[in-house]
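Structural description and commentary
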Protein chains: 2
Amino acid sequence: MVMKPRRRTAPAKMSDIARLAGVSPSTVSRALAGSPLVTARKREEIHRLARERGYVVNSTARNLRLQRTQTLGVVIPLAHETSQPLSDPFFMEMLGWLADAITQRGYGMFLLKVLPPMEGWLTDLIASQRADGIIVIGQSTEHQTLEAAALHYKPLVVWGGHLAAQSYCTVGTDNLAGALAAVEHLIKLGRKRIVFVGDPAVPEIGLRYEGYRLAHERAPGLRAPPHLVSSHLTPDTSYEAVRAFISAGGNCDAIFAATDVIAMSALRALTASGISVPSQVSVVGFDDIALAAHSNPPLTTVRQDIERGAHTLVDLLFRRMAGEDAPSSTMPAELVVRESSC
Amino acid sequence: MVMKPRRRTAPAKMSDIARLAGVSPSTVSRALAGSPLVTARKREEIHRLARERGYVVNSTARNLRLQRTQTLGVVIPLAHETSQPLSDPFFMEMLGWLADAITQRGYGMFLLKVLPPMEGWLTDLIASQRADGIIVIGQSTEHQTLEAAALHYKPLVVWGGHLAAQSYCTVGTDNLAGALAAVEHLIKLGRKRIVFVGDPAVPEIGLRYEGYRLAHERAPGLRAPPHLVSSHLTPDTSYEAVRAFISAGGNCDAIFAATDVIAMSALRALTASGISVPSQVSVVGFDDIALAAHSNPPLTTVRQDIERGAHTLVDLLFRRMAGEDAPSSTMPAELVVRESSC
DNA sequence: GGCCCTTACGAGATCGATTGCATGGCCAAG
DNA sequence: CTTGGCCATGCAATCGATCTCGTAAGGGCC
């Protein structure tokens, strides 16, 4: 599409301010940068003029000259997701905290949501030099892509599960330990048939499933029922999966859901089937999104410290941008017991 | 902070590709742009080389030359919000749809979250020419700022309530009609004491409160109880407000909440106080966020078509960027009756 | 008064792409 | 064989800032 090349009133440029101040653009540049090379008197005069005229440095030109963008790329890959809206509040809360952390550092945030078909999304973003560093929220099923990119491109950090042999830098919760604690909590309550709901193909979820399996292995005489696969981003698929399970006569006394969104859908599916929570079936989620405390009944879940996670992501990324080879970081998970499991 | 000026392996530039292909940068530029001025044979050869070397045009340089950024600014002002996380799923779902709509047009998305102290956030963004157009999600309490900016800057659209005399372009739901329908629904159910929970200082919420008041005026013999003021972004303040209301002996048979987040907190507060929904108290929300259908009981609410809203915002913005003086747009609201009001 | 050193400032190159204009080669018509 | 026209291509200016380097002015000292 063709755009008009110019706005009605072209914004002032540095040379305009220079002319007004009776100096050269060099001096204006230095004055605005607070350089001591320019006399205090002139510096203040230039600042005053700039403020009056509403002059702000053109960031495109500055970035070209300085060979940096003062911007971080934040990518949300949704390969495993067929439906459009990215609605998992966990990602969204993460985005909010990232926005804070990035802004605090004086950087901007270039947001990219990637949907299938996903080809070259990462290499192209890197090559376009639109960002000084990249944060990928969630591995989705793009482990290979990340692996390949990390070989050549250092300022890259990923929120997600830490897999055995991986060369890219991740920040994430100890999914296995968290899941283990959650399921052991259910076992301690005397629950015998605990169903897992989630899609283990996504690395993070896979690790949670491992924790679930491990808890069963450690409990004598307990066997894990077949788990229900369900994409973790839409409430609907999870709801249907649980309802189908129940109406097919599947019986269980607890549900361990891979995310809080799934857990809340499970809660509703159980209620709709006339099953009461927690007296008949206990439900435990994962994430501790803001709404988890406000579901009905409030949800027992494994808390991930999103705020800390966001700050760690940004911190590691800055260290990598500075050339350091900052390593992955795993944060502890914390079981939060509420009324959906008693 | 000082950054290393260069990455370990400097990315290829256009002149590199030109040298490899044995042509001038001009020809490479034209070839990559698909210009018919360059022979098909050469064009393909250049494309092949670029692909092999992973060359992608440096967007900063291109943008400087073309005097545009191929990027839209998306701003979330949170003046009225003291706590940090931006957690209202409504805004987040909007962000997701905006990301889609903007990506579809081949544009990027520069995300900015603005917290107090909010000074010059809009004028600076405009002057920096970082974006070709700006979308502001929610007026917050920044009506004056928007009004002032719109005088000089045309490619600006705002999600929010349409106020009487306003010169900036808004897209929003018919808040008044939606609220009217919701409250009339409650009245038809025989509810007599309907409490409003929300903060009318935010324009959108103010209009919803107007609808609430209007429904009471039209119903003979009905008087609105005092409303509960509560910021609409945190679940906690709303929860506390409702609990305090009840334990202070306030009695009501229905709650009309300004947003779904508030409504879900109210649901939980009622349950915690031993009041059953909907048999004793009906609850109606506003927004129809994804989780509204999955609360317990599922929430009756006023649906805003977020997807359409996002597309309208982007559509109007592009028309404004093209120089057209596109007008505000108000979309119909739709009452969705679920089990929280029967 | 002359010399040197410091200091404030400007001229001009530079970042990497796009594009108007000039040019050289080739083909066809005369 | 010449000449005119067209087409593909390259040269160089341009976008708006930053920063190196050179220089003029000013001040101190002998």
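Residues numbered from 1 in each chain as written. Chains lettered and ligands numbered in written order. Predicted model: local features only at pLDDT ≥ 70, side-chain atom pairs only at ≥ 80, totals over all residues. Heavy atoms only, no water.

**Things to note about the overall build of chain A**
Threshold: Comment: elements are numbered from the N terminus, with helices defined as DSSP H or I runs of at least four residues and strands as E runs of at least two. Here, Shrake-Rupley sampling with a 1.4 Å probe gives the accessible areas, and only protein chains in the shown set may cover a residue. Residues counted as positive are Lys and Arg, residues counted as negative are Asp and Glu, and His and the chain ends are not counted. In this description, the location of a charge corresponds to atom NZ of lysine, CZ of arginine, CG of aspartate or CD of glutamate.
Broken down by element type, chain A carries 12 helices and 11 strands. Here the C-alpha coordinates of chain A stretch approximately 85 × 40 × 40 Å along the principal axes. Surface exposure of chain A reaches about 14200 Å², of which carbon and sulfur atoms provide 53%. Where the 35 positive side-chain charges of chain A centre and where its 32 negative ones centre are 11 Å apart.

**Quick look at the protein's contact with DNA strand D**
For clarity, the cut-off: Residues are classed as near a molecule or strand on a simple rule: at least one heavy atom within 4 Å of it. Polar contacts here mean pairs of N or O atoms no more than 3.5 Å apart (in protein, one a potential hydrogen donor and the other a potential acceptor; neighbouring residues in sequence count only if both atoms are side-chain atoms). Polar here means any residue outside two lists: the nonpolar Ala, Val, Leu, Ile, Met, Phe, Trp, Tyr, Cys and Pro, and the charged Asp, Glu, Lys and Arg; Gly therefore counts as polar.
Residues in close proximity to DNA strand D total 25 residues, the closest being Met 14, Tyr 55 and Arg 65 of chain A together with Thr 27 and Lys 42 of chain B. When atoms of DNA strand D within 4 Å of the protein are sorted by moiety, sugar and phosphate together comprise 66%. Here a phosphate oxygen of DNA strand D and a side-chain polar atom of Lys 42 of chain B are 2.2 Å apart. When contributions to the surface near DNA strand D are tallied by element, the ones reaching two or more residues are helix 2 (25-32) and helix 4 (59-66) of chain A together with helix 2 (25-32) and helix 4 (59-66) of chain B. In terms of residue class, the surface near DNA strand D is made up of nine nonpolar, eight polar and eight charged.

**Considering the interface of chain B and chain A**
Which entries qualify depends on this criterion: Residues are treated as being in contact if the distance between any of their heavy atoms lies within 4.5 Å. Every case where a carboxyl oxygen of Asp or Glu lies within 4 Å of a side-chain nitrogen of Lys or Arg is listed as a salt bridge. Any two strands are treated as partners once DSSP identifies two or more bridges connecting them.
The partner chain A presents 68 residues to the 68 residues of chain B that form the contact. Our enumeration of links across chain B and chain A arrives at two salt bridges. Among the ionic pairs, Asp 100 of chain A bridges to Lys 113 of chain B, the shortest N-O distance being 3.0 Å. Elements with a contribution of two residues or more to the side of chain B that touches chain A: helix 4, helix 5 (89-104), strand 2 (108-114), helix 6 (121-127), helix 10 (235-247), helix 11 (260-272) and helix 12 (306-321) of chain B. Counting residues per element, the side of chain B that touches chain A draws most heavily on helix 5 of chain B, which supplies seven residues. Of the residues belonging to the side of chain B that touches chain A, the class tally is 34 nonpolar, 21 polar and 13 charged. Across three bridges, strand 2 (residues 108-114) of chain A lies against strand 2 of chain B in antiparallel orientation. The residue bridging Phe 110 of chain A from the neighbouring strand is Phe 110 of chain B, located in strand 2 of chain B.

**Some remarks on the sheet that holds strand 9 (residues 300-303) of chain A**
All names here are of chain A. As a reminder, the rule being used: Convention adopted: a line fitted to C-alpha atoms gives each axis, helices being fitted over their contacting stretch, and angles between N-to-C directions are expressed from 0 to 180 degrees.
The five strands lie next to each other as 6-7-8-9-11, forming an open sheet whose pairing is mixed. The open sheet has two edge strands with one neighbour each: strand 6 (194-197) and strand 11 (334-336). When the angles between neighbouring strand axes are averaged without regard to direction, this sheet yields 20 degrees. Sheet strands in contact with helix 9 (residues 203-218) are strand 6, strand 7 (254-257) and strand 8 (282-287), and its direction is about 170 degrees off that of strand 6.

**Side note on the relation of the copies chain B and chain A**
To be explicit about the condition: Fitting of the copies onto one another was done by least squares over C-alpha atoms, counting residues only where both copies have pLDDT of at least 70.
Of the two same-sequence chains, chain B is brought onto chain A (RMSD 0.1 Å, axial shift 0.0 Å) by a rotation of 180 degrees. When the rotation and shift are considered jointly, the pair of chain copies conforms to a two-fold rotation axis. Taking the C-alpha atom as reference, chain B places Phe 110 of chain B closest to the rotation axis, 2.4 Å from it. In this assembly, 100% of the residues forming the interface of chain B have copies in chain A that are likewise at the interface, indicating an isologous arrangement.

**Considerations on the pairing of strand 5 (residues 169-173) of chain A**
Residue and element names in this part refer to chain A. Inclusion rule: Burial classification: accessible surface area is computed with a 1.4 Å probe over protein chains only, and a residue below 20% of its type maximum counts as buried, one above 50% as exposed, and the rest as partly exposed.
Counted residue by residue, strand 5 has five buried out of five residues, so it is predominantly covered. The alternating pattern of strand 5 places Cys 169, Val 171 and Thr 173 and Thr 170 and Gly 172 on opposite faces, both of which are buried. Summarising the sheet, strand 4 (residues 156-159) and strand 5 pair through three bridges and their orientation is parallel. The residue of strand 5 that forms the bridge with Trp 159 is Val 171. Pairing geometry for strand 5 and strand 10 (residues 329-331), over three bridges, is parallel.

**Brief notes about the pairing of strand 1 (residues 71-77) of chain A**
Residue and element names in this part refer to chain A. Buried residues dominate strand 1, accounting for seven of its seven residues. What you see with strand 1 is no split at all: Thr 71, Gly 73, Val 75 and Pro 77 on one side and Leu 72, Val 74 and Ile 76 on the other are buried throughout. Inspection of the sheet shows strand 1 paired to strand 2 by seven bridges, in the parallel sense. Bridge pairing in strand 2 places Gly 73 opposite Phe 110. Judged from the four bridges that link them, strand 1 and strand 3 (residues 133-137) form a sheet pairing that is parallel. By the bridge assignment for strand 3, Val 75 is matched with Val 136.

**A short note on the protein's contact with DNA strand C**
Taken together, 25 residues surround DNA strand C, and among them Thr 27 and Lys 42 of chain A together with Met 14, Tyr 55 and Arg 65 of chain B come closest. Counting only the atoms of DNA strand C that lie within 4 Å of the protein, the sugar and phosphate share comes to 67%. A distance of 3.2 Å separates a phosphate oxygen of DNA strand C from a polar backbone atom of Thr 39 of chain A. For the surface near DNA strand C, the secondary structure elements donating two or more residues are helix 2 and helix 4 of chain A together with helix 2 and helix 4 of chain B. In terms of residue count, the dominant contributor to the surface near DNA strand C is helix 4 of chain B (four residues). Looking at side-chain class alone, the surface near DNA strand C contains nine nonpolar, eight polar and eight charged residues.

**Digging into the pattern of salt bridges**
Evaluated as defined, the whole model comprises 30 salt bridges over all chains. The shortest N-O distance in the salt bridge between Arg 303 of chain A and Asp 288 of chain A comes to 3.6 Å. Taken together, the residues Arg 303 of chain A in strand 9 and Asp 288 of chain A in the loop between strand 8 and strand 9 connect sequence positions 15 residues apart. What makes Arg 303 of chain A partly exposed here is its relative accessible area of 32%. Assessed through its relative accessible area of 11%, Asp 288 of chain A is described here as buried. With a closest N to O distance of 2.8 Å, Arg 213 of chain B and Glu 217 of chain B form a salt bridge. Of this pair, Arg 213 of chain B and Glu 217 of chain B are both found in helix 9 (residues 203-218), four residues apart, which corresponds to roughly one turn of the helix. Judged by its relative accessible area of 30%, Arg 213 of chain B falls in the partly exposed class. Salt bridges sharing common partners tie together Arg 105, Asp 315, Arg 319 and Glu 324 of chain A.

**Some words on the sheet that holds strand 10 of chain A**
Overall, mixed pairing links the 12 strands, which are arranged 10(A)-5(A)-4(A)-3(A)-1(A)-2(A)-2(B)-1(B)-3(B)-4(B)-5(B)-10(B) in an open sheet. Both edges of this open sheet fall to strand 10 of chain A together with strand 10 (329-331) of chain B, since each of them pairs with a single strand only. Strand after strand, the sheet turns through a mean of 20 degrees between neighbouring axes, direction not considered. Direction of pairing for strand 3 of chain A relative to strand 4 of chain A: parallel, over a ladder of four bridges. The residue bridging Ile 135 of chain A from the neighbouring strand is Val 157 of chain A, located in strand 4 of chain A. Here helix 12 (residues 306-321) of chain A sits on the sheet in contact with strand 1, strand 3, strand 4, strand 5 and strand 10 of chain A, set at roughly 165 degrees to strand 4 of chain A. Sheet strands in contact with helix 5 of chain B are strand 2 of chain A together with strand 1 (71-77), strand 2, strand 3 (133-137) and strand 4 (156-159) of chain B, and its direction is about 175 degrees off that of strand 1 of chain B.

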